Amino acid sequence: MADQRAGVIHDLGYRHYDGPRDGVATIARTLFVTGLRHAFGLGRSGRSKILPFLLLGIAVVPAAVVVGVVTFLPVSELPLTYAGYTNQIQLVVSLFAAAQAPVLFSRDLRHRSIVLYLARPLPAHVLALTRWFSLTTALLVFMLLPALVLYVGGLLAGLDVGGQTVDLLKAVALLVLVAAMVAGITGFISSVSLRRGFAVVGSIVALVVVPGVVTAVQAIASEEGADEVGVAAGLASPWSLNSGLADAWGAGVTVFTPPTGAWVAAYVVVALLVAALGLAAIVARFLRVGSQ
Amino acid sequence: MSGPGSTLVLDSVSRWFGNVVAVNDVSLTIGPGVTGLLGPNGAGKTTLMALMSGFLAPSAGTVALDGEPVWRHTEAYRRIGLVPERELSFGYLTGRQFVRANADLHRLPDAAGATERILAEVDMVEPAARRLDTYSKGMRQRVKIAAALVHDPAVLLLDEPFNGVDPRQRMHLMELLRRLGDEGRTVLFSSHILEEVERLARHIEVVVSGRHAASGDFGAIRRLMTDRPVQYAVASSDDRALATLLIAQPSVRAVRLRPGGGLDVEVDDLGTFAVGLPQWTRAQGITLHDLSPSDESLESVFAYLVAR
Amino acid sequence: MNATIVKLAAQALLGRRRFWLLLAFPVLLVALTATVAALTDGDAAWPLLPGLGYPVVLPLVAVLAASSVLGPEVDDGSIVYLLSKPVNRHAIAVSKWVVAWAATMLAGVLPLWVSALVAGGGDRATAAGIAAAVAGTAYSALFLAISAVTRHAVIVSLLFVLIWEGLLGNLLSGVAWLSVAQWGLRIGHELSPELPDPTNLPWALLASVVVTAGGAWFAGDRLRSFSLRGED
């Protein structure tokens, strides 16, 4: 080449694109779908599918067994309600959330690939919202699937359609609430502690140990006749909020100290607050990391 | 250094991961002095390093240090010092504590003395009281080398030691490695940057796509590469006009029309050819459709060594 | 055993944030039992131990301890700094296990025993302490072995504790034969009949010893074949 002082970028035939471009909404939708798939290990390596589907299996198989029982024995109703079933498998749901939240919330921050997302016209808070929505939806799918197995199986076995549908809808409303809370809590924990193991244990503390403590306190409070203490303790964990509301609503769950009167409203408000605060904390975290 | 120099011998070594062949039938001998392991990213340098340091079992062939296999042979580490590419995750230790821990693990009789000696050797006495997570990249690299050298090994293996180190520190490290080589140690370092290897090692081993592509004196390899004619397949809008044009160029040795269209071109002076071809064709109004090297494996080595 | 490895592993455990999480468990357990015992009486506080302390807090402490001494180093590959030394691999594994075991004893077993004393003491407190010591010992070795095999050691260990021992163990009595927690309880049962009697004593003793020794040995064997891979 000739000795030139000025620099030049040679046109080697790159083609410009001047056509229409998709906006933030499309990017967010694509990220949401990808996130939802990743939560179940879809689109990732074969080994990443083992755990979510193993847990999903553990969550669904008992429902299938119940359907089998209802089919072959002369019973006119399910032995437990949809909300009751979710309450029974809360440990499995908690493990799923604890294990899969780091997939959606830790990896981008830890490997700093978040910068690549934000290089697109996508604000950090939209990315955070998308992630949270993916996890919430994944949790909802995870909990709804066994409920649907019960519902469809029960109807096929000739149970009353109206009653079952009302029960299911009650359960779905509760599921949405609990999914939003659990996604907010585990998502926040995973976006703060980027080491996978640490995040998992942190989530387990929030979703298994704390509810365990709450249940123990409620049992003792009920025995000692100090129900108010037990009801107040129920505000401390997402699962006790969920089961307390389910009890108050007659959705087929029994807790030691069910909330009554104004406490029910308090439960709803706190549950909404937990979900909202979790989401807000995730957004704040993404904004901070994204701006570094 | 204790005793005479050690020699690392790889005999027909292959390593595959499932369907992916990372190292393909490599035989090489690494003796005292500084040797550079050169190759583009993903060529299998790290896999080779892992094989040589006993952190990977060869799928076929043997890796031996002075006649003894290194895989699952813990005692071999008395003679090997390893500087992995991985970062230190011992951020909560000070530099001195970290080097001292390495000395203790070797059960050196005078671990404290050896630690101070080696810290002085890599010029890290002053920052040695600070925690590792406060170090710069170059300092971490030097502490890693100190930790690998504290037991006075005959063989020092370094995986990408200059990655991310600033130029002044790089000079410093190179000086250190050169000195270690001059002392009669077997020093092997890997790099994907030609210039680094050129400045430090006389002897190089080149790996490309898992294969052992060249070995020997750096200058000699480079001469061999540039002197041999290179084959290209060319397709254009007017092959005969292009043939006429090319045969007139001194950098081209032979041109042949291919039966199904296109040309086989044998080039002597790749540099002139590469720069000239677009200009010559444009001047004659000929459009080039395709230009590809026809002897792929050697070509890639060549392209790697000369293309800067 | 290797004193340097023990020292490094202890520093790794104490020098990280997860130490505080590890410390939170015993504080939580003792504080809760003490509060309940103070407000009501010891017998009301006792169910916290079989309900929460023994099946959840103790294994969680063991998971954290075992995965902290080995997990991060295997995860980011910096274990090669320990392995590129002429040190017996089994000695490395045993040294790591000793640290994990000590942490489990201090942060898991000791507070459990203290809680049992707070909740009334007596034979059942001693029995609970012994049961926890046995289970904590076997847990720490088992989880160390899991940490040496997979990068997802924490979640695999939790699956074992919460799903296998917890969920399935409550439904199927046969699980007791393959449950670390139940072996510990069976050994504790010898001291106090208030603890359940899920299997027979020789099996509980044998299984606990086999899992402890086997876990530590297996971790060492995995370290012997440790392979350095590229980033994946």
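Residues numbered from 1 in each chain as written. Chains lettered and ligands numbered in written order. Predicted model: local features only at pLDDT ≥ 70, side-chain atom pairs only at ≥ 80, totals over all residues. Heavy atoms only, no water.

**Digging into the overall build of chain A**
Along the backbone of chain A there are 12 helices and 0 strands. Scanning chain A from its N terminus toward the C terminus, one meets helices and strands in the order α-α-α-α-α-α-α-α-α-α-α-α. Reported as C-alpha extents along the three principal axes, the dimensions of chain A are approximately 90 × 45 × 35 Å. Burial statistics for chain A: of 292 residues in total, 48% are counted as buried. Relative to all contacts within chain A whose residues are 6 or more apart in sequence, the contacts with residues 24 or more apart total 78%. About 13800 Å² of surface is accessible on chain A, with carbon and sulfur atoms providing 66% of the total. Taking the average location of the 18 positive side-chain charges in chain A and that of its 13 negative ones, the two points are 20 Å from each other. (Helix = DSSP H or I, 4+ residues; strand = E, 2+ residues; numbered from the N terminus. Buried < 20%, exposed > 50% of the residue type's maximum accessible area, 1.4 Å probe, protein only. Contact = heavy atoms within 4.5 Å. Areas by Shrake-Rupley, 256 points an atom, 1.4 Å probe, with all protein chains shown as cover. Lys, Arg positive; Asp, Glu negative; His and termini not counted. Charge placed at Lys NZ, Arg CZ, Asp CG, Glu CD.)

**Here we look at the interface of chain B and chain C**
Of the residues lining the interface, 28 residues belong to chain B; the matching set on chain C comes to 29 residues. Taken together, the two surfaces of chain B and chain C that pack against each other cover about 2900 Å², and 60% of this comes from carbon and sulfur. Three residues stand out in chain B for area buried against chain C, namely F55, R86 and L105 of chain B, and they jointly supply 28% of the buried area on that side. Taken together, the links from chain B to chain C amount to 0 salt bridges. Ranked by residues supplied to the side of chain B that touches chain C, first place goes to helix α2 (residues 95–105) of chain B with 6 residues. Tallied by class, the residues present in the side of chain B that touches chain C amount to 15 nonpolar, 5 polar and 8 charged. (Buried area = accessible area lost by both parts, 1.4 Å probe. Salt bridge = Lys/Arg side-chain N within 4 Å of Asp/Glu carboxyl O. Nonpolar A, V, L, I, M, F, W, Y, C, P; charged D, E, K, R; others polar.)

**Re the interface of chain C and chain A**
Chain C puts 26 residues into the contact, and the matching count from chain A is 29 residues. Area buried by chain C at its contact with chain A is led by I155, L159 and L162 of chain C, which between them contribute 20% of it. Scanning the region where chain C abuts chain A turns up 0 salt bridges. Between the two partners, chain C and chain A, sit 1 residue pair in polar contact (both at pLDDT 80 or more). Looking at the side of chain C that touches chain A, the elements that each hand over two or more residues are α2 (18–39), α4 (48–76) and α8 (153–171) of chain C. In terms of residue count, α4 of chain C provides more of the side of chain C that touches chain A than any other element does, 8 residues in total. By residue class, the composition of the side of chain C that touches chain A is 19 nonpolar, 2 polar and 5 charged. (Polar contact = N/O pair within 3.5 Å; in protein donor to acceptor, adjacent residues only side chain to side chain.)

**Remarks on the domain arrangement of chain B**
Along its sequence, chain B is carved into domain 1 (8–224) and domain 2 (228–306). A C-alpha centroid distance of 41 Å is found between domain 1 of chain B and domain 2 of chain B. (Domains from an automatic or database assignment.)

**With respect to the nonpolar core**
One broad trend across soluble globular proteins is that nonpolar side chains are buried collectively. Membership of the largest hydrophobic core comes to 247 residues, with the highest contact counts inside it found for L139 and F142 of chain A together with M52 of chain B. Broken down by element, the residue count for this core peaks at 17 residues, all from α4 of chain C. Among residues more than four places away in sequence, those in contact with F142 of chain A are F40, P52, L55, L56, A59, V92, V93 and F96 of chain A. Listed in part, the 16 residues of the second largest apolar core include A243, L246, L263 and V265 of chain B. (Core = buried A, V, L, I, M, F, W, Y, C linked by side-chain atoms within 4.5 Å.)

**Describing the pattern of salt bridges**
Residue and element names in this part refer to chain B. Tallied over the full model, the rule gives 24 salt bridges over all chains. R170 is the partner of E196 in a salt bridge, and the nearest nitrogen-oxygen pair spans 3.3 Å. Of this pair, E196 sits in helix α6 (residues 194–200) while R170 sits in helix α5 (residues 167–182); the two residues are 26 residues apart in sequence, bridging distant segments of the chain. A residue is classified by how much of its surface remains accessible, and E196, at 3% relative accessible area, is buried. R202 is the partner of D217 in a salt bridge, and the nearest nitrogen-oxygen pair spans 2.8 Å. With D217 in strand β10 (residues 211–217) and R202 in the loop between α6 and β9 (203–208), the pair connects residues that are 15 residues apart, well separated along the chain. Residue class for D217 comes out partly exposed when judged on its relative accessible area of 28%. By relative accessible area, which is 61% here, R202 ends up exposed. Beyond isolated ion pairs, a larger network of salt bridges with shared partners links D66, E68 and R79.

**Structural notes on the arrangement of the chains**
Of all 2 pairs of chains in contact, the one with the most contacts involves chains B and C. At the level of C-alpha atoms, the two units chain A and chain B stay apart, their nearest approach being 8 Å.

**Some remarks on the packing of helix α4 (residues 90–105) of chain A against helix α7 (residues 124–156) of chain A**
Residues and elements named next belong to chain A. In contact at an axis separation of 11 Å, α4 and α7 are set at 155° when each is read in the N-to-C sense. When the axis of α4 is compared with that of α7, the two are roughly antiparallel. Between α4 and α7 lies a crossing whose hand is right-handed. Of α7, the residues touching α4 (which contributes V92, V93, F96, A97, A101, L104 and F105) are R131, W132, S134, L135, A138, L139, F142 and M143. Counted by class, the contact of α4 with α7 contains 13 nonpolar, 1 polar and 1 charged residues. (Axes fitted to C-alpha atoms, helices over the stretch in contact; angles between N-to-C directions. Parallel < 35°, antiparallel > 145°, perpendicular 65-115°, else oblique. Left-handed = near helix turned anticlockwise from the far one by under 90°.)

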